[in-house]
Amino acid sequence: MNAVTWEQRERIVALLEGASADPGVRAVVLTGTGRGFCAGADLRGGPSAPAEDRVAGDVARMIRRGAQRFVGAVLDCEKPVIAAVNGTAAGIGAHLAFACDLVLAAESARFVEVFVRRGIVPDGGGAYLLPRLVGPQRAKELMFFGDALPAAEARVMGLVNRVVPAGDLEKTARAWADRLAQGPTRALALTKQLVNASLDADRATAFAAEAAAQEICMTTRDAREGVAAFVERRAAEFEGR
């Protein structure tokens, strides 16, 4: 069920960071193999001290360097990230999906805020992400009860962009990724940054960030191509630079 091990987390973080720096990468898709998207953290793996040997600060440090850094790598990736949720997304797996820019889900997928079942608080940015996506009351309902949320209900709540039959998930994710990969990559990266930052900014700050981003965008080759294509009444051919 793709429970995340320490090694897997580090590899995914490195891949996302590499995607940001690689001009040849224009879009990213996160999905799982087998029945599940991600069943949460692998509680049996990873470097951690036995409970009796921990000192104050150990757990907080582990969360900052682990789950929070993991989800932050998705939010900070400079390329559009699509989650193709093929099955259960529980705990950090759910938050990994919610951090993505677009979320596709198979009809059989479900999302579970499993933390309350373990007697712990949500980590991996859950208490930051969920209220911003569905509001505080619905976020509390999901986190207080820990019930499985079917994909169709997640779609109605705004957690999922589209629900498709399981057999169409990979094809749809590839089609969306291909479309994004043909877009103006720098403009998409700046748009992602603007939207994410707007959730914590006042209007003046958001407007200033928008103006600065547009200043950067107008220096790109893709912006010049977009204007030229409009004037020449043809389809734009973006190169991601």
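The following paragraphs examine the structure supplied in this document. (Residues numbered from 1 in each chain as written. Predicted model: local features only at pLDDT ≥ 70, side-chain atom pairs only at ≥ 80, totals over all residues. Heavy atoms only, no water.)

## Notes on the packing of helix α5 (residues 126-134) against helix α6 (residues 136-145)
Inference 1: Interaxial distance between α5 and α6 falls to 7 Å at its minimum, and their mutual angle equals 130°. It follows that α5 is oblique to α6 by the angle criterion. The hand of the α5/α6 crossing is right-handed. Residues Gly 126, Ala 127, Leu 130, Pro 131 and Val 134 of α5 touch α6, and the partners they reach there are Pro 136, Arg 138, Ala 139, Leu 142 and Met 143. (Axes fitted to C-alpha atoms, helices over the stretch in contact; angles between N-to-C directions. Helix = DSSP H or I, 4+ residues; strand = E, 2+ residues; numbered from the N terminus. Parallel < 35°, antiparallel > 145°, perpendicular 65-115°, else oblique. Left-handed = near helix turned anticlockwise from the far one by under 90°. Contact = heavy atoms within 4.5 Å.)

## Quick look at the packing of helix α3 (residues 92-99) against α5
Inference 1: Contact pair α3 / α5: the axes reach a minimum separation of 10 Å and the direction vectors enclose 50°. By the angle between their axes, α3 is oblique relative to α5. For the pair α3 and α5, the crossing hand works out as left-handed. Facing α3, whose interface residues are His 95, Phe 98 and Ala 99, α5 presents Gly 126, Leu 129, Leu 130 and Leu 133.

## Some remarks on unusual backbone geometry
Inference 1: In the Ramachandran plot, Asn 2 falls in the positive-phi region, its phi being about 60° despite a non-glycine side chain.
Inference 2: Residue position: Asn 2 is located in the segment before α1 (6-21).
Inference 3: Here Asn 2 falls in the partly exposed class, since its relative accessible area comes to 26%. (Buried < 20%, exposed > 50% of the residue type's maximum accessible area, 1.4 Å probe, protein only.)

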